[in-house]
Amino acid sequence: MMKLSKLMSAVALCLVSLGAYAQLPSVQLKDLEGKTVNTAELSNNGKPFVISFFATWCKPCNRELKAIHEQYADWQEETGMKVIAVSIDQAQNINKVKPMVDGEGWEYEVLLDAYKEQIAAQLEAGVDLLVAETMLGVTEPMAVLDAARELCNLPVMCTLTVESDGSLFFGGNIYDSAELLEEMGADAVGINCSTGPDQLLSVVENIRKRISIPLIVKPNAGNPVIDATGNPVYSMGAEEFSCHIKRLIDAGANLVGGCCGTTPEYIKQLVKLKTFC
């Protein structure tokens, strides 16, 4: 499983406000000097920061960063915010990132994400399958597919996190994204994390209409509430979860499982679906 898929990806920008109960996943990136940066340690001393994913070849991404650059000094003075720009350029283009950043005069914190290095390491370890999951936008799974196809013929599965209406957190929707990822060669696409299975029937039905490859569905055990100790508590039990998953299978899901809030008991119930649903 690819850790970087836990981070985020999009052409659009995302304002990341880290509250008491939120933290970025731990992913190892590089800065322009080659030093390793752990995304879980990214911060701005309690002030907001924006994570923008871009590539030297992505004109819309770069237009966004240019537009922000024009207002950046004023925004910093007013709010103390900062921009962290993460390049998803492949290895052959990495050396173009710094010259472009310097040429534009961007004062952003710039980080580099090299998928080919991660995939190569996993291939050396003997993996049989590549999974890019919990994507918040379509750009990053596109980069994963691009890197994977340069290195191997292993199957690649891609899942994104969606709202209950199918919209993606970083813009766009799961329906167009699933279709695009299939065109790029994904072996299976779908959704994970997101919300509970009871909220995803329409989403699954409409994804199924747009793709011909296997459809993955791995939702959370309902929507969580935060308890007094700051931990998320999921309200949907294993049997109720499996009954909702059965409806999603009937709607076209081919590969099913669970994400946040689920345990081995939930998976056992999925195996026994027909006995009580």
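Above this text sits the structure in question.
Residues numbered from 1 in each chain as written. Predicted model: local features only at pLDDT ≥ 70, side-chain atom pairs only at ≥ 80, totals over all residues. Heavy atoms only, no water.

### Some details on helix α4 (residues 139-151)
For α4, spanning 13 residues, the distance from its first C-alpha to its last is 19 Å, which sits close to the expected 18 Å at 1.5 Å a residue. Listed as buried for α4 are T139, E140, P141, A143, V144, L145, A147 and A148. The inward-facing, buried residues of α4 contact β4 (49-54), α3 (115-125), β7 (130-135), β8 (156-160) and α5 (174-183). (Helix = DSSP H or I, 4+ residues; strand = E, 2+ residues; numbered from the N terminus. Expected span 1.5 Å × (residues − 1). Buried < 20%, exposed > 50% of the residue type's maximum accessible area, 1.4 Å probe, protein only. Contact = heavy atoms within 4.5 Å.)

### Here we look at the pairing of β8
The buried fraction of β8 amounts to 5 of the 5 residues, a majority that puts the element mostly inside the structure. Neither face of β8 is left uncovered, since the one carrying V156, C158 and L160 and the one carrying M157 and T159 both have all their residues buried. Across 4 bridges, β7 lies against β8 in parallel orientation. By the bridge assignment for β8, V131 is matched with M157. At this point the chain moves from β7, through α4, to the parallel β8, and the crossover so formed is right-handed. For β8 and strand β9 (residues 188-193), the ladder comprises 4 bridges, and the chain directions are parallel. (Pairing = 2+ DSSP bridges. Right-handed = clockwise from strand over helix to strand, strands pointing away.)

Structural measurements only, silent on function.
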